[in-house]
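Structure assessment
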Protein chains: 2
Amino acid sequence: MRKMPKARLSRPSLEAETANLIRSDILNGVWKQGDRLVEMDLANSFGVSQSTIRGALKYLQADALVVHRPRRGHFVIEISEQDVREISILRDTLESLGARLAAQTITEEGRNRLQRVFNDLCAAAHAGNRQKLIELDLLFHRTVVEVAGSERLNELYKRLVGPALLFLRMADHLYPEPQVIIDLHEPLLSAICSGDAEKAFALAHRHTEPDAQRIVQPKL
Amino acid sequence: MRKMPKARLSRPSLEAETANLIRSDILNGVWKQGDRLVEMDLANSFGVSQSTIRGALKYLQADALVVHRPRRGHFVIEISEQDVREISILRDTLESLGARLAAQTITEEGRNRLQRVFNDLCAAAHAGNRQKLIELDLLFHRTVVEVAGSERLNELYKRLVGPALLFLRMADHLYPEPQVIIDLHEPLLSAICSGDAEKAFALAHRHTEPDAQRIVQPKL
DNA sequence: CTTGCAACAATTATCGATAATCGATAATGG
DNA sequence: CCATTATCGATTATCGATAATTGTTGCAAG
């Protein structure tokens, strides 16, 4: 009986690869909020067919980074002050739910994963790398949600990550001080890893709120 | 100055129309959970091109009724016991958030919309039409979320409606008695319409929980 | 009988062409 | 000059063909 490999070979489709490139361009500011993503221009630019671009845009819609307006085209999302508030409230809601569920079901593997991300987050904080910190903050919560083991929660949370990342990357000067981020995440990590679901829930609740108030207050 | 019409003329795309037909088939049991939706079969069946089917399937993915497995095809979702639990928890979470936001921002138009749906729900309950009642229950909450005015919450909640509807339609014998549904929704409607956000939040929280326990307990 | 390989059919993924729609600009009429 | 209509170019939507990949079946070998 041959030993089967742990991981299956998997090559991303052309659609998925193209989506990754476009996503990167969006997050790196090559495209501005509200920009129209013209299918034929992208097709010519990436050297693929229009239909491959349509497939790629489908992935970006799933990430909530792009909206499709039938017969008019695809557009990079625009984030209003209202959107910021909504995203913050929804992050608060889903992150705290994720923290509770993760604490209820935590495993050794889950602890290790979270610890690793938290270590990376601390390193970025100490290096004063705000952009990296923003990414790792969101990755931390993504990991919490993944560790929670709810695929459906994961799917919903995924739709918040892209817009939050897009917004925070452009407003990183409003992001809290690095040490504040560590001080907010460390007790949350502890509560989750020790299985204290209600404490994790409360900490994740409180955790997001100062962010939202701080970021929303100044006029955009 | 000519009087402009209130509503713009809008014709659904072929993709969207095809998606509606397939969605209807899924919800009416023509397709079973886990069934593979073969692009070319659907294209022949509906008399459209494969690419139109791909576009339609994109819409159904957005509704969380269909999953795409690259290079293998598209499949009608399967709902495990775990899924039922997750959907219930997430409904609980988003419906109560929606109830709170709706109560905070309620308008006369919002009250009228909710009242109309509630009236339809009562009519279905009195007629003992369980299938209709299930639909209207979900429509009630969809309306609450819409009235709440958070487009992003609406987008997230939308991903729960399809699966919930698919599940409840097949398990309607486990759905609470019609009068119970009325008794649960009437005080919720009152709280929202009177602007009592915290009461609406609590009622929506309590409202979903008995459902989840009742439905999940029996073995599927 | 079981396992492995090859062949073939089925299907998905991608291509590029054409039809339909929209947006911009020019022409016309009041 | 302004408002309306017509025209044209740009782009999206849909088509159908072909390439790539997967899944099934049959056959041979151990």
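Residues numbered from 1 in each chain as written. Chains lettered and ligands numbered in written order. Predicted model: local features only at pLDDT ≥ 70, side-chain atom pairs only at ≥ 80, totals over all residues. Heavy atoms only, no water.

The transformation that overlays chain A on chain B combines an axial shift of 0.0 Å with a rotation of 180°, and the residual RMSD is 0.0 Å. One copy is carried onto the other by what is essentially a two-fold rotation axis. Judged by C-alpha distance, L156 of chain A is the residue of chain A that lies nearest the rotation axis, at 3.0 Å. Interface residue correspondence from chain A to chain B reaches 100%, placing this contact among same-surface, isologous pairings. (Least-squares fit on C-alpha atoms with pLDDT ≥ 70 in both. Contact = heavy atoms within 4.5 Å.)

The subject of this paragraph is the packing of helix α6 (residues 130-147) of chain A against helix α8 (residues 178-193) of chain A. Residue and element names in this part refer to chain A. At a minimum axis separation of 12 Å, α6 and α8 run at an interaxial angle of 15°. Our classification of the angle between α6 and α8 gives roughly parallel. Along this stretch, α6 crosses α8, giving a crossing that reads as left-handed. From α6, R130, L133, D137, F140, H141 and V144 reach across to α8, where they touch P178, I181, H185, L188, L189 and I192. Per-class residue counts for the contact of α6 with α8 are eight nonpolar, two polar and two charged. (Axes fitted to C-alpha atoms, helices over the stretch in contact; angles between N-to-C directions. Helix = DSSP H or I, 4+ residues; strand = E, 2+ residues; numbered from the N terminus. Parallel < 35°, antiparallel > 145°, perpendicular 65-115°, else oblique. Left-handed = near helix turned anticlockwise from the far one by under 90°. Nonpolar A, V, L, I, M, F, W, Y, C, P; charged D, E, K, R; others polar.)

Quick look at the protein's contact with DNA strand C now. Close to DNA strand C lie 23 residues, the nearest being L14, S49 and T52 of chain A together with R54 and R71 of chain B. In DNA strand C, atoms within 4 Å of the protein come 77% from sugar and phosphate. The backbone of E39 of chain B places a nitrogen or oxygen atom 3.2 Å from a phosphate oxygen of DNA strand C. At 3.0 Å, a side-chain N or O of Q50 of chain B approaches a base nitrogen of DNA strand C. Among the secondary structure elements, those contributing two or more residues to the surface near DNA strand C are α1 (14-27) and α3 (50-62) of chain A together with β1 (36-37), α2 (39-46) and α3 (50-62) of chain B. When grouped by side-chain class, the residues that make up the surface near DNA strand C number six nonpolar, eight polar and nine charged. (Near = heavy atom within 4 Å. Polar contact = N/O pair within 3.5 Å; in protein donor to acceptor, adjacent residues only side chain to side chain.)

With that settled, consider the pattern of salt bridges. The full count for this structure, using the stated rule, is 24 salt bridges over all chains. With a closest N to O distance of 3.7 Å, R85 of chain A and E81 of chain A form a salt bridge. Separated by four residues within a single helix, R85 of chain A and E81 of chain A lie in helix α4 (residues 81-105), roughly one turn from each other. With relative accessibility at 24%, the residue E81 of chain A sits in the partly exposed group. Sharing partners across several salt bridges, the network here consists of E15 of chain A together with E39 and R54 of chain B. (Salt bridge = Lys/Arg side-chain N within 4 Å of Asp/Glu carboxyl O. Buried < 20%, exposed > 50% of the residue type's maximum accessible area, 1.4 Å probe, protein only.)

Another point: the interface of chain A and chain B. Between chain A and chain B, the residue contacts involve 33 residues of the former and 34 residues of the latter. The contact between chain A and chain B buries some 2,600 Å² in all, and 52% of this surface belongs to carbon and sulfur atoms. Salt-bridge contacts for D83 of chain B lead to R152 of chain A; the nearest nitrogen and oxygen are separated by 3.3 Å. Counting every contact that joins chain A to chain B gives 13 residue pairs in polar contact (both at pLDDT 80 or more). At the level of elements, α3, α4 and α7 (151-170) of chain A are the ones that each hand at least two residues to the side of chain A that touches chain B. With nine residues, α4 of chain A is the largest single contributor of residues to the side of chain A that touches chain B. Counted by class, the side of chain A that touches chain B contains twelve nonpolar, seven polar and 14 charged residues. (Buried area = accessible area lost by both parts, 1.4 Å probe.)

The environment of DNA strand D is formed by 23 residues, the closest being R54 and R71 of chain A together with L14, S49 and T52 of chain B. The protein-proximal atoms of DNA strand D, defined as those within 4 Å of the protein, are 73% sugar or phosphate. Within the backbone of R71 of chain A, an N or O atom sits 2.4 Å from a phosphate oxygen of DNA strand D. For DNA strand D, a phosphate oxygen lies 2.6 Å from a polar atom in the backbone of S49 of chain B. Listed by contribution, the elements that provide at least two residues to the surface near DNA strand D are β1 (36-37), α2 (39-46) and α3 of chain A together with α1 (14-27) and α3 of chain B. With three residues, α3 of chain B is the largest single contributor of residues to the surface near DNA strand D. Of the residues assigned to the surface near DNA strand D, the class counts are six nonpolar, eight polar and nine charged.

With that settled, consider α3 of chain B. In an α-helix, one full turn covers 3.6 residues, which means residues spaced three or four apart are oriented alike. All names here are of chain B. Between its terminal C-alpha atoms α3 stretches 19 Å, which fits the 18 Å expected from 13 residues at 1.5 Å a residue. Taken residue by residue, α3 has T52, I53, G55, A56, L57, K58, L60 and Q61 as its buried positions. Looking one or two residues beyond α3, the residue adopting positive phi is A64, at roughly 60°. (Expected span 1.5 Å × (residues − 1).)

This part covers the confidence of the model for chain A. Residues and elements named next belong to chain A. Per-residue pLDDT for chain A has a mean of 88; in total, 89% of the residues score no lower than 70. Counting contacts from residues 1-6, a segment whose pLDDT is below 50, to residues more than four positions away or on other chains yields zero contacts. Residue range residues 209-220 is modelled with pLDDT below 50. Its contacts to residues more than four positions away, or to other chains, number 17 contacts. (pLDDT = per-residue confidence, 0-100.)

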